[in-house]
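# A structural walkthrough
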Amino acid sequence: MTAQPPKPSLRPAPSGELRASHDDREAVVEQLRDAAAEGRIDLDELDSRLEQALKSKTHAELAVLTADLPKLHSSASQLPLVLKGGMLGASRGPGRWEVPGHVIAHGGVGGVKVDFTRVECRLTEVAVEAYGETSGVTIVIPDAWAADTSGMDPGVGGLKDETTSDRLPGTPLIRLIGSGGTGGVVIRHPNRRERRKLHSNST
């Protein structure tokens, strides 16, 4: 009988030897740019590392480029952002703020507004719990984002979803749950006044 050649090993490769995807390389590029903006690396080093990042083929090669930089916080380990309307109301945005994977808004007596229009969010999905209570909750999202409101209980105050389904690839989905209460919950894109303000801030 003819001897059979040995079968190739099917053992999984160590994690560092796994092939890197376009998204893996892009995540490292963003981390390097953030590090340069924070003054952790200079522009010459940034250029050098960016060039290496784009040529990297494995996770191990990418890991070397960020080994001396602070680790990115995982959205799963972040505590929820909790906003309570209270007597005077509460808001987050429209400036830049770090978006966790979970936001909880209680309208209370003063109402709550959550504005995502100027944030840079790398999450693919953000869970928002909105409870309209007495004075309601308003959520504003960029035009490129979309929302899933199927998990909302409209309550007495109702749910007003004025968003479009024109979500761009790579942008977050807001998954809205909770209850409208008596004040109601509104989720929408920026209105005319907010658009003018966004435009003036970007010029």
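About the thresholds
Residues numbered from 1 in each chain as written. Predicted model: local features only at pLDDT ≥ 70, side-chain atom pairs only at ≥ 80, totals over all residues. Heavy atoms only, no water. Salt bridge = Lys/Arg side-chain N within 4 Å of Asp/Glu carboxyl O. Helix = DSSP H or I, 4+ residues; strand = E, 2+ residues; numbered from the N terminus. Pairing = 2+ DSSP bridges. Axes fitted to C-alpha atoms, helices over the stretch in contact; angles between N-to-C directions. Polar contact = N/O pair within 3.5 Å; in protein donor to acceptor, adjacent residues only side chain to side chain. Contact = heavy atoms within 4.5 Å. Parallel < 35°, antiparallel > 145°, perpendicular 65-115°, else oblique. Nonpolar A, V, L, I, M, F, W, Y, C, P; charged D, E, K, R; others polar.

## Notes on the pattern of salt bridges
- Enumeration over the complete set of coordinates arrives at 12 salt bridges.
- Arginine 49 is the partner of aspartate 68 in a salt bridge, and the nearest nitrogen-oxygen pair spans 2.9 Å. Remark: arginine 49 occurs in helix H2 (residues 43–55) and aspartate 68 occurs in the loop between helix H3 (59–66) and strand S1 (81–84); sequence separation between them is 19 residues.
- With a shortest N-O distance of 2.7 Å, arginine 188 and glutamate 194 are connected by a salt bridge.

## Considerations on the pairing of strand S6 (residues 137–140)
- Both strand S4 (residues 112–115) and S6 contribute to a ladder of four bridges, which runs parallel. Bridge pairing in S6 places valine 112 opposite valine 137.
- Bridge count between S6 and strand S10 (residues 185–188): four bridges; the pairing is parallel. When the sheet's bridge partners are listed, valine 137 is paired in S10 with valine 185.

## Notes on the sheet that holds strand S8 (residues 159–161)
- As summarised here, the arrangement of the five strands in space is S2-S4-S6-S10-S8, forming an open sheet in which the pairing is parallel. Every other strand in the sheet has two partners, leaving strand S2 (90–92) and S8 as the edge strands with one partner each. Strand after strand, the sheet turns through a mean of 5° between neighbouring axes, direction not considered.

## Side note on the side chain of threonine 149
- Among the secondary structure elements, threonine 149 is positioned in strand S7 (residues 146–153).
- A polar contact of 3.4 Å, which involves the side chain of threonine 149, links it to the side chain of aspartate 161.
- Those residues in contact with threonine 149 that lie beyond four places of it in its chain are Leu159, Asp161, Leu176 and Ile187.

## Points about the packing of helix H1 (residues 22–37) against H3
- Axis separation between H1 and H3 bottoms out at 10 Å; the angle between their running directions is 5°. As far as their axial angle goes, H3 and H1 are roughly parallel. Of H3, the residues touching H1 (which contributes Asp24, Arg25, Val28, Gln31 and Leu32) are His59, Leu62, Leu65 and Thr66.
- Considering only residue class, the contact of H1 with H3 consists of four nonpolar, three polar and two charged.

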